[in-house]
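Residue-level listing of the chains:
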Amino acid sequence: MSIELSEQEQLRRQSLTELRNLGIDPYPAALYPTDAFSIDIKVEFKDDEERRNVCIAGRIMSRRIMGKASFIELQDSKGRIQVYVSRDEINTEAQPEMYNTVFKKLLDIGDFIGIKGYVFRTQMGEISVHAGELTVLSKSLRPLPIVKYKDGVAYDAFEDPEQRYRQRYVDLVVNDGVKDIFFKRTKVYNSMREYFNNQGYIEVETPVLQPIPGGASARPFITHHNALDIPLYMRVADELYLKRLIVGGFEGVYEFSKNFRNEGMDRTHNPEFTAMEIYVAYKDYNWMMTFTEKMIEKICLDVNGTTDLQVGDRTISFKTPFKRVTMIDAIKEHTGIDINGMDETQLRAVCKQLHIEADETMGKGKLIDEIFGEKCEGNYIQPTFITDYPMEMSPLCKRHRDNPELTERFELMVNGKELANAYSELNDPIDQLERFQDQLRLSEKGDDEAMFIDMDFVRSLEYGMPPTSGMGIGMDRLVMLMTGQQAIQEVLFFPQMKPEKVVKKDGPEKFTELGIPAEWAQVIIKTGIQTVDALKGVNPNKFHQDICGYNKKNKLGLTNPSKEDVTAWIEVVNK
């Protein structure tokens, strides 16, 4: 038996072997013909109706073993239901030990089983399934961290975020409500798709691996294509490809895209995230604002049945219309400074005055973005469109029709963070090339988030793109709002994590070098002492009790060391 396994894991593997010795396959290949779910059974049950036979399957989550009959709680994909298991019902001629040996001794919490039986109400009033047949479907080799509830209070909770996000499969099994977040995530996508499809817009797919990482100011991930011997970039946005499709004659296109940005991680950022981008011909950013707020109001109602959502201690209303404020007015309101018409030098002075860090790589657009981000963004809790961004901040956006220093752009701010970004799209190929060249100059100054020049995209514009409005929305942040979550990791099945720390472990030979007998070196490791250094400072009396107790409990038959022997081992380590 491997010393890496805990005592419970060893026992479960022994049960696995015993099941096979009884002729029971613990991982059968055949289809199991389920025809009902726990929650549906409870909802549909009526006391005065004819007995209903069901076939259900799921995990054993708790059990009360009694004499000839027992109760278990079975968890399927929708919820839990109680199952009554009787010796006389599940024992068969072929398997006479199904109850006393298989069910009572060889099955554990976490195992998957199938139950065929009928629905009834117990004397205590609980709707349950009376098992007539039990089938082993999958043996669990690791014990689940079962959460216990009493008077609404959870005990032994599996709540450490590091463990929950790294072992999401366990989190989904044992923590109530986690699965509901992801059901709601699907509803958000379905509602949005329905909204777009009803308008006649089509869903498309664009490349994830791109020769030029265009469409956003962000640091890309870089990889290499061996066959072509060229560098490729994980996409930071799908904007330039979608606009090519508008050039090609589509009226409206949208995509749910996985984007990748080689940037920091926090409660609202993950290096891999999902964005939705939509582009519609013959529209402008004013039309897109109305289109966006109606879309989000619809999603709210479809997912939660209300436009008022609780996010932390805040109630956020997504009832249309949303407030609209220009960026310059927002900065003026929250800093008292009017930046309209300021050049780069003046903006650097403003940053210094407001104690905002600014380095030499930042151009005018980045400086304005820093001022807004530091002093304004966090103030917009209720949905607010921030409009009319300075031109330097928006290299893909059309100049404002009334002020050439500005662009026709908006960002939707909710709960102090950007949720959506939209433009009246730039379709002048000459202007577009000049702005790309401005971005190149920023890159040469050291801005590693400046956009690349995409000459093929410029060429596509030279063939002519109709007036177009585009909008992008962070799907993960939208799901956070719709589910009331404070961290992006809560709405991603598998968020990016640091590599799991490898626990240092010494082999038995390290212990025997100290004069500890080889058989006791194995026992010491099995009790949880993984390194020689871990013996430093250990209480000799307690340590003696632990290893002797393990010897007795597991019937190893070893001759126990004396307390003096154990004290001597620890003294050697402490020296």
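Description of the structure in this document. (Residues numbered from 1 in each chain as written. Predicted model: local features only at pLDDT ≥ 70, side-chain atom pairs only at ≥ 80, totals over all residues. Heavy atoms only, no water.)

Before going further, it helps to spend a moment on the packing of helix α10 (residues 327-335) against helix α12 (residues 364-375). Running from N to C, α10 and α12 cross one another at 50°; their axes reach a closest spacing of 10 Å. In terms of orientation, α10 and α12 fall into the oblique class. Between α10 and α12 lies a crossing of left-handed hand. Where α10 approaches α12, its residues M327, A330, I331, H334 and T335 are matched on the opposing element by I368, I371, F372 and K375. Residues belonging to the contact of α10 with α12 are distributed by class as follows: 6 nonpolar, 2 polar and 1 charged. (Axes fitted to C-alpha atoms, helices over the stretch in contact; angles between N-to-C directions. Helix = DSSP H or I, 4+ residues; strand = E, 2+ residues; numbered from the N terminus. Parallel < 35°, antiparallel > 145°, perpendicular 65-115°, else oblique. Left-handed = near helix turned anticlockwise from the far one by under 90°. Contact = heavy atoms within 4.5 Å. Nonpolar A, V, L, I, M, F, W, Y, C, P; charged D, E, K, R; others polar.)

Scanning the entire structure with this criterion turns up 36 salt bridges. The residue E162 makes a salt bridge to R166 at a minimum N-O spacing of 2.4 Å. Highlighted residues: E162 and R166, both in helix α5 (residues 161-166), separated by 4 residues, approximately one helical turn. Judged by relative accessible area, which is 41%, E162 ranks as partly exposed. Here E194 makes a salt bridge to K298, at a shortest N to O gap of 2.7 Å. One end of the pair, E194, is in helix α7 (residues 178-198); the other, K298, is in helix α9 (residues 285-304), with 104 residues separating them in the sequence. Residue class for K298 comes out buried when judged on its relative accessible area of 18%. One salt-bridge network, in which partners are shared between bridges, spans R164, R168, D171 and E490. (Salt bridge = Lys/Arg side-chain N within 4 Å of Asp/Glu carboxyl O. Buried < 20%, exposed > 50% of the residue type's maximum accessible area, 1.4 Å probe, protein only.)

Among all positions in helix α17 (residues 518-526), only W520, A521, V523, I524 and I525 are buried. The inward-facing, buried residues of α17 contact α16 (508-512), α18 (540-553) and α19 (563-574). One or two residues past the end of α17 sits G528, with phi positive at roughly 110°.

A few words on empty space enclosed by the protein. Evaluation of the coordinates by the stated rule reveals 1 cavity of 30 Å³ or more. Each pocket or cavity is described by its volume, and for the largest cavity that value is around 80 Å³. What lines the largest cavity is simply I328, I339, N340, G341, M342, K364, I368, P390, E405 and L406. Along the lines of polarity and charge, the residues of the lining of the largest cavity split into 6 nonpolar, 2 polar and 2 charged. (1 Å grid on protein atoms, 1.4 Å probe; cavity = no way out; pocket = protein on both sides within 12 Å on 5 of 7 lines; lining within 4 Å. Points joined across faces, edges and corners; volume = space filled by probe spheres on them.)

Right, let's talk about the pairing of strand β17 (residues 384-387) for a bit. Both faces of the sheet carry side chains from a regular strand, because those side chains alternate between them. Judged by which residues are buried, β17 turns out to be covered on both faces: T384 and I386 on one side and F385 and T387 on the other are all buried. The pairing of β17 with strand β18 (residues 409-414) spans 4 bridges and is antiparallel. The residue of β18 that forms the bridge with T384 is M413. (Pairing = 2+ DSSP bridges.)

The next subject is unusual backbone geometry. T320 connects to P321 through a cis peptide bond whose omega is 0°. Along the chain, P321 turns up in the loop between β15 (314-317) and β16 (323-326). Residue K555 is not a glycine yet carries a positive backbone phi of 50°.

Once that is clear, we can look at the side chain of Q485. Looking at where Q485 falls in the secondary structure, it is placed in the loop between α15 (475-483) and α16. You can call Q485 buried: its relative accessible area is 19%. A distance of 3.1 Å separates the side chain of Q485 from the backbone oxygen of T483, its partner in a polar contact. Dropping the residues within four chain positions of it, Q485 is found in contact with I181, V311, M480, E490 and V491. (Polar contact = N/O pair within 3.5 Å; in protein donor to acceptor, adjacent residues only side chain to side chain.)

This brings us to the packing of aromatic side chains. Counting across every chain of the model gives 18 aromatic pairs. Taking 4.9 Å as the distance between ring centres and 35° as the angle between the ring planes, the aromatic pair formed by Y189 and F256 counts as tilted. Here the residue Y189 occupies a position in helix α7, and F256 occupies one in strand β12 (residues 252-260), the gap between them amounting to 67 residues. According to the relative accessible area criterion, Y189 is buried, its value standing at 13%. Judged by relative accessible area, F256 falls into the buried class, the value being 14%. Relative to F256, the ring of Y254 lies with its centre 6.0 Å away and its plane at 90°, an arrangement referred to as edge-to-face. (Phe/Tyr/Trp six-rings, centres within 6.5 Å; stacked < 30°, edge-to-face > 60°.)

Here the focus is the nonpolar core. Membership of the largest hydrophobic core comes to 47 residues, with the highest contact counts inside it found for M192, M276, I278, F318, I473 and M482. Tallying contributions element by element places α9 first for this core, with 9 residues. The contact partners of F318, leaving out residues within four places of it in the chain, are I296, E297, C300, T307, L309, P383, V414, L481 and M482. Counting residues in each nonpolar core, the second largest holds 28 residues, with A36, L74, I127 and V136 among its members. (Core = buried A, V, L, I, M, F, W, Y, C linked by side-chain atoms within 4.5 Å.)

Next up on the list: the pairing of strand β4 (residues 112-121). As defined by bridge partners, strand β1 (residues 53-64) adjoins β4 across 7 bridges and the pair is classed as antiparallel. Paired with A57 across the bridge in β4 is G114. When β4 meets strand β5 (residues 127-138), the two strands line up antiparallel, connected through 10 bridges. Bridging from a neighbouring strand, I115 pairs with L134 of β5. With antiparallel pairing between neighbouring strands as the criterion, β4 and β5 make up a hairpin whose turn holds 5 residues, including G125 at a positive phi of roughly 90°.

Let's shift gears to the layout of surface pockets. Estimated volume of the second largest pocket: approximately 770 Å³. Along its surface, the second largest pocket is lined by 25 residues, and S6, E9, R142, P143 and Q167 are the ones closest to its centre. Sorting the residues of the lining of the second largest pocket by element identifies α1 (7-21), α6 (168-174) and α17 as the ones contributing at least two each. A class-by-class count of the residues in the lining of the second largest pocket yields 11 nonpolar, 6 polar and 8 charged.

Looking now at the sheet that holds strand β8 (residues 202-203). As summarised here, the arrangement of the 8 strands in space is β8-β12-β13-β20-β19-β18-β17-β16, forming an open sheet in which the pairing is mixed. Two strands close off the open sheet at either side, each with one partner strand: β8 and β16. Summarising the sheet, strand β19 (residues 417-424) and strand β20 (residues 468-474) pair through 5 bridges and their orientation is antiparallel. Across the sheet, A420 pairs through a bridge with I473, a residue of β20. Along the sheet, α7 makes contact with β8, β12, β13 (272-281) and β20, crossing β12 at roughly 150°.

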